[in-house]
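Summary of structural features
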Amino acid sequence: MTYRLVLLRHGESEWNAKNLFTGWVDVDLTAAGEAEARRGGELLAERGILPDVLHTSVLRRAVRTANIALDVADRLWVPVRRSWRLNERHYGALQGKNKKQTLETYGEEQFMLWRRSYDTPPPPIEDDDEYAQTGDPRYADLPPELLPRTECLKDVLERALPYWYDAIVPELRRGLTVAVAAHGNSLRALVKHLDDISDEAIAGLNIPTGVPLVYELDESLRPVTRGGEYLDPDAAAAAIEAVKNQGR
Ligand SMILES: O=C(O)[C@@H](CO)OP(=O)(O)O
(Lines give C-alpha, C1' and ligand atoms only; values in the text may rest on other atoms or scores of the structure.)
Protein backbone atom coordinates (compact mmCIF):
# COMPACT_ATOMS: atom_id res chain seq x y z
CA MET A 1 0.00 0.00 0.00
CA THR A 2 1.30 3.45 -0.89
CA TYR A 3 -0.11 6.88 -0.08
CA ARG A 4 -0.46 9.94 -2.28
CA LEU A 5 0.34 13.52 -1.33
CA VAL A 6 0.12 16.58 -3.59
CA LEU A 7 2.06 19.72 -2.63
CA LEU A 8 1.18 22.95 -4.40
CA ARG A 9 2.88 26.28 -3.86
CA HIS A 10 0.61 29.25 -4.59
CA GLY A 11 0.90 30.98 -7.97
CA GLU A 12 2.80 34.24 -8.37
CA SER A 13 1.72 36.81 -5.77
CA GLU A 14 1.67 40.60 -6.05
CA TRP A 15 4.74 40.75 -3.85
CA ASN A 16 6.55 37.97 -5.72
CA ALA A 17 6.09 40.20 -8.78
CA LYS A 18 7.40 43.26 -6.89
CA ASN A 19 10.31 41.25 -5.43
CA LEU A 20 9.36 42.00 -1.82
CA PHE A 21 9.82 39.73 1.21
CA THR A 22 6.28 38.61 2.00
CA GLY A 23 6.05 36.11 4.85
CA TRP A 24 2.76 36.52 6.73
CA VAL A 25 1.62 39.63 4.81
CA ASP A 26 -1.62 38.66 3.11
CA VAL A 27 -1.09 39.69 -0.50
CA ASP A 28 -3.16 38.45 -3.42
CA LEU A 29 -2.28 36.53 -6.58
CA THR A 30 -1.38 38.36 -9.79
CA ALA A 31 -3.18 37.48 -13.04
CA ALA A 32 -0.11 35.32 -13.87
CA GLY A 33 -0.49 33.61 -10.48
CA GLU A 34 -4.13 32.84 -11.21
CA ALA A 35 -3.10 31.36 -14.56
CA GLU A 36 -0.48 29.19 -12.82
CA ALA A 37 -3.15 27.94 -10.41
CA ARG A 38 -5.45 27.06 -13.33
CA ARG A 39 -2.60 25.18 -15.02
CA GLY A 40 -1.95 23.37 -11.74
CA GLY A 41 -5.58 22.22 -11.71
CA GLU A 42 -5.38 21.13 -15.34
CA LEU A 43 -2.26 19.07 -14.66
CA LEU A 44 -3.98 17.31 -11.75
CA ALA A 45 -7.06 16.59 -13.89
CA GLU A 46 -5.00 15.41 -16.89
CA ARG A 47 -3.11 12.94 -14.70
CA GLY A 48 -6.21 11.85 -12.80
CA ILE A 49 -4.59 12.90 -9.51
CA LEU A 50 -7.72 14.18 -7.83
CA PRO A 51 -7.50 15.41 -4.24
CA ASP A 52 -10.00 13.88 -1.79
CA VAL A 53 -9.19 16.50 0.81
CA LEU A 54 -7.26 19.76 0.91
CA HIS A 55 -5.23 21.68 3.48
CA THR A 56 -4.20 25.31 3.08
CA SER A 57 -2.58 28.05 5.11
CA VAL A 58 -4.74 30.98 6.23
CA LEU A 59 -3.18 33.30 3.62
CA ARG A 60 -5.22 34.28 0.59
CA ARG A 61 -2.58 33.47 -2.01
CA ALA A 62 -2.65 29.80 -0.95
CA VAL A 63 -6.42 29.74 -0.38
CA ARG A 64 -7.14 31.23 -3.81
CA THR A 65 -4.60 29.04 -5.60
CA ALA A 66 -6.25 25.98 -4.07
CA ASN A 67 -9.75 27.17 -4.98
CA ILE A 68 -8.78 27.88 -8.59
CA ALA A 69 -6.93 24.57 -9.02
CA LEU A 70 -9.72 22.54 -7.39
CA ASP A 71 -12.33 24.32 -9.49
CA VAL A 72 -10.49 23.46 -12.72
CA ALA A 73 -10.11 19.84 -11.59
CA ASP A 74 -13.83 19.77 -10.64
CA ARG A 75 -12.95 19.07 -6.97
CA LEU A 76 -14.19 22.32 -5.46
CA TRP A 77 -16.49 20.21 -3.25
CA VAL A 78 -13.78 18.35 -1.28
CA PRO A 79 -13.40 19.03 2.45
CA VAL A 80 -10.92 21.80 3.23
CA ARG A 81 -9.01 22.65 6.41
CA ARG A 82 -6.86 25.68 6.95
CA SER A 83 -4.13 26.26 9.49
CA TRP A 84 -1.64 28.98 10.36
CA ARG A 85 0.81 26.09 10.77
CA LEU A 86 1.00 25.91 6.94
CA ASN A 87 1.65 29.67 6.59
CA GLU A 88 4.71 31.04 4.87
CA ARG A 89 7.74 31.50 7.10
CA HIS A 90 7.33 34.73 9.08
CA TYR A 91 9.98 36.97 7.57
CA GLY A 92 10.33 39.23 10.60
CA ALA A 93 11.57 42.77 9.99
CA LEU A 94 12.25 41.89 6.34
CA GLN A 95 8.51 41.73 5.54
CA GLY A 96 7.74 44.44 2.98
CA LYS A 97 11.43 45.01 2.13
CA ASN A 98 12.71 44.77 -1.43
CA LYS A 99 14.92 41.69 -1.97
CA LYS A 100 17.34 43.40 -4.36
CA GLN A 101 17.82 46.39 -2.03
CA THR A 102 18.27 44.05 0.94
CA LEU A 103 20.95 42.14 -0.96
CA GLU A 104 22.72 45.38 -1.89
CA THR A 105 22.54 46.77 1.66
CA TYR A 106 23.59 43.69 3.62
CA GLY A 107 25.64 41.72 1.07
CA GLU A 108 25.29 38.23 -0.38
CA GLU A 109 26.30 36.28 2.73
CA GLN A 110 23.87 37.92 5.16
CA PHE A 111 21.10 37.96 2.55
CA MET A 112 21.43 34.22 1.90
CA LEU A 113 21.74 33.47 5.61
CA TRP A 114 18.42 35.18 6.26
CA ARG A 115 16.79 33.78 3.16
CA ARG A 116 17.95 30.18 3.05
CA SER A 117 19.90 29.12 6.15
CA TYR A 118 18.14 26.53 8.30
CA ASP A 119 18.46 28.21 11.65
CA THR A 120 19.19 31.95 11.32
CA PRO A 121 15.99 34.03 11.57
CA PRO A 122 15.85 37.62 10.31
CA PRO A 123 15.52 40.32 13.02
CA PRO A 124 12.03 40.27 14.64
CA ILE A 125 9.32 42.61 13.41
CA GLU A 126 8.14 45.38 15.77
CA ASP A 127 4.48 45.12 16.83
CA ASP A 128 3.77 48.57 15.38
CA ASP A 129 5.40 47.83 12.02
CA GLU A 130 2.91 48.35 9.19
CA TYR A 131 3.57 44.77 8.06
CA ALA A 132 3.22 43.13 11.53
CA GLN A 133 0.29 40.80 12.20
CA THR A 134 -0.62 42.52 15.47
CA GLY A 135 -4.39 42.37 16.01
CA ASP A 136 -5.05 40.30 12.87
CA PRO A 137 -8.35 38.50 13.67
CA ARG A 138 -7.30 35.29 11.97
CA TYR A 139 -4.74 34.70 14.73
CA ALA A 140 -7.05 35.76 17.59
CA ASP A 141 -7.27 32.20 18.98
CA LEU A 142 -3.53 31.65 18.84
CA PRO A 143 -1.82 31.83 22.24
CA PRO A 144 0.27 35.04 22.05
CA GLU A 145 3.50 33.15 22.72
CA LEU A 146 2.92 31.12 19.53
CA LEU A 147 2.45 34.15 17.26
CA PRO A 148 5.86 34.55 15.63
CA ARG A 149 7.64 37.84 15.11
CA THR A 150 10.24 36.16 12.93
CA GLU A 151 11.05 32.57 11.92
CA CYS A 152 13.88 30.57 10.44
CA LEU A 153 13.14 27.36 8.51
CA LYS A 154 13.75 25.29 11.65
CA ASP A 155 10.96 27.23 13.42
CA VAL A 156 8.67 26.60 10.45
CA LEU A 157 9.35 22.88 10.53
CA GLU A 158 8.70 22.77 14.28
CA ARG A 159 5.31 24.47 13.94
CA ALA A 160 4.31 22.58 10.76
CA LEU A 161 5.11 19.05 12.01
CA PRO A 162 2.31 18.86 14.61
CA TYR A 163 -0.15 19.63 11.81
CA TRP A 164 1.50 17.07 9.55
CA TYR A 165 1.18 14.32 12.15
CA ASP A 166 -2.23 15.28 13.58
CA ALA A 167 -4.16 16.40 10.51
CA ILE A 168 -2.47 15.14 7.34
CA VAL A 169 -0.98 11.76 8.23
CA PRO A 170 -4.30 10.24 9.48
CA GLU A 171 -5.92 11.13 6.14
CA LEU A 172 -3.03 9.65 4.17
CA ARG A 173 -3.34 6.46 6.25
CA ARG A 174 -7.03 6.30 5.31
CA GLY A 175 -5.93 6.10 1.69
CA LEU A 176 -7.08 9.61 0.72
CA THR A 177 -5.25 11.68 -1.88
CA VAL A 178 -4.27 14.66 0.27
CA ALA A 179 -3.43 18.05 -1.26
CA VAL A 180 -1.56 20.79 0.61
CA ALA A 181 -1.64 24.30 -0.87
CA ALA A 182 0.97 26.40 0.89
CA HIS A 183 4.14 28.45 0.44
CA GLY A 184 7.75 28.33 -0.68
CA ASN A 185 9.18 27.95 2.81
CA SER A 186 6.43 25.96 4.54
CA LEU A 187 6.68 23.46 1.67
CA ARG A 188 10.50 23.47 1.90
CA ALA A 189 10.06 22.46 5.54
CA LEU A 190 7.70 19.59 4.66
CA VAL A 191 9.96 18.42 1.84
CA LYS A 192 12.96 18.54 4.18
CA HIS A 193 11.09 16.23 6.52
CA LEU A 194 9.81 13.88 3.80
CA ASP A 195 13.09 13.58 1.88
CA ASP A 196 15.20 13.71 5.02
CA ILE A 197 17.32 16.56 3.64
CA SER A 198 20.21 17.77 5.80
CA ASP A 199 20.22 21.21 7.44
CA GLU A 200 22.97 22.27 5.02
CA ALA A 201 21.51 20.84 1.81
CA ILE A 202 18.07 22.39 2.36
CA ALA A 203 19.60 25.82 1.59
CA GLY A 204 19.81 24.75 -2.07
CA LEU A 205 16.18 23.67 -2.41
CA ASN A 206 13.63 26.02 -3.97
CA ILE A 207 9.96 25.30 -4.65
CA PRO A 208 8.40 26.66 -7.87
CA THR A 209 5.06 28.51 -7.90
CA GLY A 210 1.99 26.72 -9.17
CA VAL A 211 3.39 23.33 -10.28
CA PRO A 212 1.92 20.32 -8.41
CA LEU A 213 4.57 18.16 -6.74
CA VAL A 214 3.29 14.63 -6.19
CA TYR A 215 4.74 12.22 -3.64
CA GLU A 216 3.99 8.52 -3.45
CA LEU A 217 4.78 7.49 0.13
CA ASP A 218 5.53 4.00 1.42
CA GLU A 219 4.22 2.32 4.60
CA SER A 220 6.55 4.40 6.77
CA LEU A 221 5.51 7.55 4.87
CA ARG A 222 8.87 7.84 3.15
CA PRO A 223 8.91 8.87 -0.54
CA VAL A 224 9.05 5.95 -2.98
CA THR A 225 10.97 8.36 -5.23
CA ARG A 226 13.06 10.94 -3.39
CA GLY A 227 12.03 14.46 -4.37
CA GLY A 228 8.63 13.35 -5.66
CA GLU A 229 7.46 14.20 -9.18
CA TYR A 230 6.65 17.63 -10.59
CA LEU A 231 3.71 17.24 -12.98
CA ASP A 232 5.33 19.73 -15.39
CA PRO A 233 9.11 19.29 -14.93
CA ASP A 234 10.05 21.98 -17.49
CA ALA A 235 7.82 24.62 -15.91
CA ALA A 236 9.11 23.58 -12.48
CA ALA A 237 12.77 23.91 -13.54
CA ALA A 238 12.19 27.39 -15.00
CA ALA A 239 10.25 28.57 -11.93
CA ILE A 240 12.90 27.16 -9.54
CA GLU A 241 15.55 29.23 -11.38
CA ALA A 242 13.36 32.32 -11.04
CA VAL A 243 12.94 31.82 -7.27
CA LYS A 244 16.69 31.21 -6.88
CA ASN A 245 17.52 34.47 -8.65
CA GLN A 246 15.19 36.75 -6.69
CA GLY A 247 17.17 39.67 -5.38
CA ARG A 248 19.52 39.68 -8.35
O1 LIG B 1 9.05 36.44 0.51
C2 LIG B 1 8.68 35.33 0.94
O3 LIG B 1 7.83 35.18 1.83
C4 LIG B 1 9.30 34.08 0.34
C5 LIG B 1 8.42 33.43 -0.66
O6 LIG B 1 8.00 34.29 -1.68
O7 LIG B 1 10.50 34.47 -0.27
P8 LIG B 1 11.87 33.66 -0.32
O9 LIG B 1 11.78 32.73 -1.51
O10 LIG B 1 12.88 34.75 -0.54
O11 LIG B 1 12.07 32.93 0.97
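Conventions and cut-offs
- Residues numbered from 1 in each chain as written.
- Predicted model: local features only at pLDDT ≥ 70, side-chain atom pairs only at ≥ 80, totals over all residues.
- Heavy atoms only, no water.
- UniProt positions renumbered as here; feature names shortened; annotations may be inferred.
- Axes fitted to C-alpha atoms, helices over the stretch in contact; angles between N-to-C directions.
- Helix = DSSP H or I, 4+ residues; strand = E, 2+ residues; numbered from the N terminus.
- Parallel < 35°, antiparallel > 145°, perpendicular 65-115°, else oblique.
- Left-handed = near helix turned anticlockwise from the far one by under 90°.
- Contact = heavy atoms within 4.5 Å.
- Phe/Tyr/Trp six-rings, centres within 6.5 Å; stacked < 30°, edge-to-face > 60°.
- Buried < 20%, exposed > 50% of the residue type's maximum accessible area, 1.4 Å probe, protein only.
- Lys NZ or Arg CZ within 6 Å of the ring centre and 35° of its normal.

Under an unreviewed UniProt entry, the name given to the protein is 2,3-bisphosphoglycerate-dependent phosphoglycerate mutase, and the source organism is Phytoactinopolyspora halotolerans. What UniProt records for the protein under Function (unreviewed entry) is the sentence "Catalyzes the interconversion of 2-phosphoglycerate and 3-phosphoglycerate."

**Details of the packing of helix 2 (residues 31–47) against helix 3 (residues 60–72)**
Two quantities define a packed helix pair, namely the angle between the axes and the distance from one axis to the other. Two elements in contact, helix 2 and helix 3, have axes separated by 7 Å at closest approach and are oriented at 40°. By the angle between their directions, the pair helix 2 and helix 3 is classed as oblique. For the pair helix 2 and helix 3, the sense of crossing is right-handed. Contacts between helix 2 and helix 3 pair Glu 34, Ala 37, Arg 38, Gly 41 and Glu 42 from the former with Arg 64, Thr 65, Ile 68, Ala 69 and Val 72 from the latter.

**Brief notes about the packing of aromatic side chains**
Each aromatic ring pair is summarised here by two numbers: the centre-to-centre distance and the angle between the ring planes. Applying the stated rule across the entire model yields 6 aromatic pairs. With centroids separated by 4.8 Å and ring planes inclined at 35°, the aromatic side chains of Trp 24 and Tyr 139 adopt a geometry described as tilted. Taken together, the residues span a long stretch of sequence, with Trp 24 in the loop between helix 1 (14–18) and helix 2 and Tyr 139 in the loop between helix 4 (99–116) and helix 5 (153–173) at a distance of 115 residues. Classification of Tyr 139 by relative accessible area gives buried; the value is 6%. What links up through ring pairs into an aromatic cluster is the set Phe 21, Tyr 91 and Phe 111. Here Arg 89 stacks its cationic end above the ring of Tyr 91, 4.0 Å away from the centre of that ring. The residue whose ring lies beneath Lys 99 is Phe 21, and the NZ or CZ to ring-centre distance is 5.2 Å.

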